Structure formats: structure tokens, C-alpha cells
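# Examining the three-dimensional arrangement
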Amino acid sequence: MDHVSSFDEPLLKLLGGATAKVMAEHLDLHTVGDLLHHYPRRYEERGKLTALADLPLDEHVTVVAQVADARILMFNNGRGKRLEVTLTDGSGRLQLVFFGHGVHKPHKELLPGRQAMFAGKVSVFNRKMQLAHPTYQLLDASDADEATEAVDAFAGRLLPIYPACKQLDSWRIAKAVDAVLPSAREAVDPLPEALREGRGFTPLPEALIKVHRPQTKADIEDAKARLKWDEAFVLQVALARRRYADTQLPAIARRPVADGLLDAFDAKLPFTLTEGQRKVSKEIFDGLATEHPMHRLLQGEVGSGKTMVALRAMLAVVDAGGQAAMLAPTEVLAQQHHRSITEMMGDLAEGGLLGGSDLGTKVVLLTGSMGTAARRQALLDLVTGEAGIVIGTHALIEDKVQFHDLGLVVVDEQHRFGVEQRDALRSKGKQPPHLLVMTATPIPRTVAMTVFGDLETSVLDQLPAGRSPIASHVVPAKDKPHFLSRAWERVREEVEKGHQAYVVCPRIGDDAEETDGKGSKGGKDNKRSKAKKAAPEEDGDKRPPLAVLEIAGQLRTGALAGLSVEVLHGRMPPEEKDDVMRRFAAGEVDVLVATTVIEVGVNVPNATAMVIMDADRFGVSQLHQLRGRVGRGAAPGLCLLVTEAHEASPARARLSAVAATLDGFELSRIDLEQRREGDVLGQAQSGVRSSLRMLTVIDDEEVIAAAREEAVAIVAADPELEHLPELRTVLAALLDKEREEYLDKG
């Protein structure tokens, strides 16, 4: 098995400590295999210059350009000096600045007419684009040693540009790749021979060499086609095996009973279900009626009535003699679901109580912060079967919780619920329970096929009648401060009309400064967040994000003086949170200043306005989720996205996209195009995030669909992959990584 070992060899052995350390900390590359799969982002042609006008602001870039002129300027009465170099691509220009002692070497080397690769972070200074203290590599060095080295490193005419970081530029990564490239010959090829030949793919070792050191553009295309296919295929095989294993599990079929709890509930409904709700309900009831566990993903826009669909499924299971559990990501949400479900059910939720309906059942709440007595009673109701429905946080999965006969688990917001927790839940039923996963984050079909590839999907795409439109606007606080004061006036106007407003901030602002539950980056596992912290170029010169406690203080004494302004964040004691939410829902609080704890499920129809501070610090789907909290009643909603981001920055483009459409699916596409794929999968905790490097979920729909078909066929024919040892090896490596990440998270 020595072919595996060369890929598993630590980079430390080959590259020297400093380089290996930067690679591990900033690029998450630890082994030879990791580095061989760190593909160039793009290729520059020797002699061709990069288009400078299109450089993204605030990002770390590598460009090939020509020096137009260089001059040393004195400042501070001659005590300080700086070197300003102007680069050109023939049309656009880019300024470089070097200060202090750092000016001597570049002043000698960066002479007008010379070409080099430059790397640094793009910023704007005096309305000009600039790189401060960039690193560079001359491409036409006259200095003999350097020249041969530079030319040898890039003997081809296509220069690979790698995803790099401030501590390690692209050409140093290229050099490291040269050191490990010979190992590519030993790559284990996961594709079955017949499949590889049938589709005419380049062998894997050759594809790896071509992607790093292409001689021609055709080499790049060949390599990409092959590497994309591998990623899609190995991932789809893993998912197909998971689905296959699920179909082998036994489950109790749960069929609705005539004249039971469900019929009684439907008879009381003050409205009829939408066409979409009926269609999706049928898919779910069909799944519940089978003898292996249903695993279904229910996607629906904020407010499309997912909870209603889920509740009807839960009632059907109770009718069939089972119990249903609903898991919410936070306590605030669990309490809310409990409140709204008991309200929807009325006397049906009071089974066994005086005045309750004979058909009814008990609906209990179970969260970590409940008092001991209440908790003991809830656990007792579950074990005896007295409670047909339980709503809670992940505390429900703890060992202590025993069910009488768990038949269905409903999970709200899957991207905070991994495969492992599913396995923990399975042990709670006499047989594995059916599973319904709900998400309000619209997911394009291809992402659903990758991230949630082990679930069948149902989509609720029409909104119930009675939802009002939401107008969204970007408020550029830096360029136009008077827009911000107008925003606060608008909030005051809404309150004067008898409505309420939310103000959302990225940070809490107390001493224990961690972002609330999940920060604007989606709370990545620790290894990643450490790497983030160590890369200051991400947030170089930005002030810290605005905080709930500061903003609330300023509003109470300033723009919103006289109104009742309260705060809500994840580190408040649960009873305080609940009290604030209750008073806000009752209309006693005018303005709620909160973190993203309000992102999911908070339902206050009278709240019509939302101001999101530092909106550029949130992701697209997160902004869409937050915005879904207003316009839930008869009055139209207003969402103001406040930002200091520069007009030309990617962050501003993202906000304009959110302001321009209310269509969640459209936004999820934009979101995907703007984020690297790894994040999409990372957020899904599907344990496969390590595997996507070349595949872009958005553009490669055909590849993913085709790979899924092949994978299903292969797994159906040979579930244990006995005849495909190489595929088994590669899969094991992928799944080990998954287990490792699970342990990290755990």
C-alpha cells in the first residue's frame, strides 16, 4: 500500500518547517496529497499582462504587470521616504507603495519596462487602486541566478496562479508543488476502468501533472474535466452508499388514521392549505407509509408554511401510535415552535388535561435551561408515551432522553445538524425513526444533490396568501451619512404607525467577545477559525463590527430617544430572552436590537422594518433569512442594509443583489457564485467539504447529475464495492477525513 503513503507524507518532511507551517495554518494543507490537490486558480500567459481594471477590492491578488515608472518621495521634512511604483497592463494602472527601509531593493529592481508578478491586497487610496508592500517575482531578471531560477520555475508559457495568502505568495507555492509533483505518478485512480475509458478521461497521474504544469490550454481543459469528475463521482458514491444503507434499515410504517388527531386538526384550520402544501404533504405521507426510514429534505422560503406541513406529519404519526420530536437549532426557536404549535393545536395539545380534547396529546418542551422539576416531568411524559409531540434543542439527543415509541424526527434548519446527530437519534426509536429535515435557505438543485445528497427533496415554492412585499435598500453610511439619519427617521415613522422594528448587528459587544452562536461566517469548526484569525489580511484595517449593546445605547439616547428599545442576543439568560421576545411579540417593545438569534423562525407580524448594521458582514442567504422576519403581516415590510463598504467592492455588489430580488433561489445562486464551494459544503456539515476543489456546484450541474447516475448504478450492482478496491481506498480516505472533522466538532 505504499502508493497511499506518499500522498499521506507530511509536507514538513519535504518543504522545511516555515513553509509547511504557513501551509498548514493558512491554507489547511498538511500532506503531499493536500498540496497536489491545491489547484491553480487561473493561469497567466508569459508576456501577457493581467487586466488591472477588474481587480477585486480587499482581496489578495497575484498579477503579472509591467513597471511604467518608479519614484522616491520624501515626507515628514525629509525624515521619511516612500517608493511609489506605477504598474500598467497597457490600459489600466495600479500603484505600488513601499515605505522606510523597504524601498531600497524594489527601487533597484523595479525599473521602467520590467515585467514581474506582484502579490498583495488591493485597496483604494486617494481614489486610486493600490497594493501596499506587495511581494514580487521578476519575470525577466537580468541578475543571472535569479533569472534562471525564475525562468526554470515557469518554463511553460502558462504561469499557474495559486490561491495564496499574505504569508506565502503564489510563486512560492508553485515551487513547493514542484517538490511534490513526482508523487503524482503514484496517485490511486478511483474510477473503474470501464467508466474511465467509456468517458475518455485522462488517467489521474497525468491529470495532476497537467493541471499544475500545463504546456497548452488543452492540457488545462483535460485535467479539469477529469479532476471535476473525480470529485463529483467519489462524493456521489459516498452519498449513494449512505442512501443504500438507509434503505436496508427497518422502520415502522406510520399511516394516518381516519377521524384521528390529524382530521380533528384539519377541521379546525381557519384556512385551506395551498396547492404546494398539499403536494408536499402527500410526498411526506407516502414516505411515512414505507417500512424503511423516510429521509426527506423540505425546502421552502421563509413563511411558505413549512411548520404547518411538518406539524401535520407529526400528528399523523401520533395517530399511528408513535411519537414525534422536533429539533430546533436554538432555545429561543424551540420555545417559539412550542408556543406556535400549541396555539395552532388549541385544545388538541392538552391530551389528558381537564378541558383537553379526547383525541388530544401532550406537547412538551425540552431544553437545556429548563428547571429540574419541569425537565423531570417532560422526560417522564416522553418515556410513558403521554406526550405525543416533543419540541426541543439538540438536548433531545442526549442519552438521558428516552422515548416510548419515537416514529418521526423533524429537524429545523439542517445546516446546523450533521449526519452524526442523525445516527444518535436512530438509537432512540425501537426501530430507526422517519426523518424530515426543513430549511428556509433555498438550495439550488445541484447543491441539494451534493450537500443533501442522502435525502430526497421536496420544495414548497409558493407563499401563502397574506404575505406582504418587502422593499429593500442599501444605505451607504460612509459616502452618504444623511441616508443613515433618514433610515432612523423611517424606523420612527413605522413606530408612529403602530408597528415595530428590528435592528440587527454582527456582534454582541460584551466582554466575552465571541460571535453569538454563529457569527457572520457561519461558526466554522475551531481549526478553521484559528486559521482565519491568523490571516489578518482578511480584515486588515477594518474597525471591529458594530455591536448590539453599543448601538442600542446610542439609539436610546440619540436617533430613537423616547422609544422603547430592548436588546436580544445569544448570551442572555434564557428567561430574559424569553421575556424580551414575549414583550416584543405583545407590542410592548418598539425596537429590538439583536444579533442573528432572530434569523430563523421569529414571527412577529406587527414588525415591519429592519435595519441591518454592517450588512456586508453577513452572507447573502443570511441577509435573506433576516429580511424574512418583516412583512409577515398585512403591512408592507422595509429592510435597510447599512454598510460602509466601498461602492466598487464585492461586498457592495452582494448587498445590491439582495436588495434587488426577493427570490431566495435566485439569491442562493448569487451566493454560490460569490463564495468558494468549500464554504457551501462546510456550512452543510455534510462531512464532504474536504473534497471539493475543482468542482463548482453552480456550473457543473451536468457533471454532478451524470456522476450521481453512475454512482447509483455502481452501488446498486456492488454495494460493498468489492470489485473496486481503488475506489474503496479513495472513499475510505474521504470518510476518514469526515470522521476526523466530526471529532473536531464534537
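Each remark here, short or long, concerns the structure printed above.
So, a few notes on the structure that sits alongside this text. From a predicted model like this one, the values you see are computed outputs, not experimental measurements.

### Some words on unusual backbone geometry
Backbone geometry places Asp28, a non-glycine residue, at a positive phi of 60°. Note that Asp28 resides in the loop between α3 (17-27) and α4 (32-36). Looking at Asp28, the relative accessible area reads 23%, which means it is partly exposed. Of note, the phi angle at Asn76 is positive, near 60°, even though the residue is not glycine. Tracing the chain through its elements places Asn76 in the loop between β2 (60-75) and β3 (80-88).

### Quick word on the side chain of Arg196
Looking at where Arg196 falls in the secondary structure, it is placed in helix α8 (residues 193-198). According to the relative accessible area criterion, Arg196 is buried, its value standing at 14%. The residues contacting Arg196, other than those within four sequence positions of it, are Asp189, Leu191, Phe201, Thr202, Pro203 and Arg226.

### Details of the packing of aromatic side chains
To describe a pair of aromatic rings, one takes the distance between the centres and the angle between the planes. Inspection of every chain in the model, using the stated rule, returns five aromatic pairs. When the centroid spacing of 5.5 Å and the interplanar angle of 35° are considered together, the rings of Phe201 and Trp229 count as tilted. Note that Phe201 is positioned in the loop between α8 and α9 (204-212) and Trp229 in helix α10 (residues 217-247), a separation of 28 residues in sequence. Centre to centre, the rings of Trp229 and Phe233 are 6.5 Å apart; their planes meet at 15°, and the pair counts as stacked. In this pair, Trp229 and Phe233 are both assigned in helix α10, four residues apart and thus about one turn of the helix distant.

### Concerning the pairing of strand β18 (residues 565-568)
Taken together, the four bridges between β18 and strand β19 (residues 591-594) define a ladder with parallel strand orientation. Across the sheet, the residue bridging to Leu568 is Ala594, located in β19. On the question of chirality, the crossover connecting β18 to the parallel β19 by way of helix α21 (residues 574-585) is right-handed.

Reading guide: rules and limits
- Residues numbered from 1 in each chain as written.
- Predicted model: local features only at pLDDT ≥ 70, side-chain atom pairs only at ≥ 80, totals over all residues.
- Heavy atoms only, no water.
- Helix = DSSP H or I, 4+ residues; strand = E, 2+ residues; numbered from the N terminus.
- Buried < 20%, exposed > 50% of the residue type's maximum accessible area, 1.4 Å probe, protein only.
- Contact = heavy atoms within 4.5 Å.
- Phe/Tyr/Trp six-rings, centres within 6.5 Å; stacked < 30°, edge-to-face > 60°.
- Pairing = 2+ DSSP bridges.
- Right-handed = clockwise from strand over helix to strand, strands pointing away.

Note that every value here comes from positions in space, so none of it alone points to a role or purpose.
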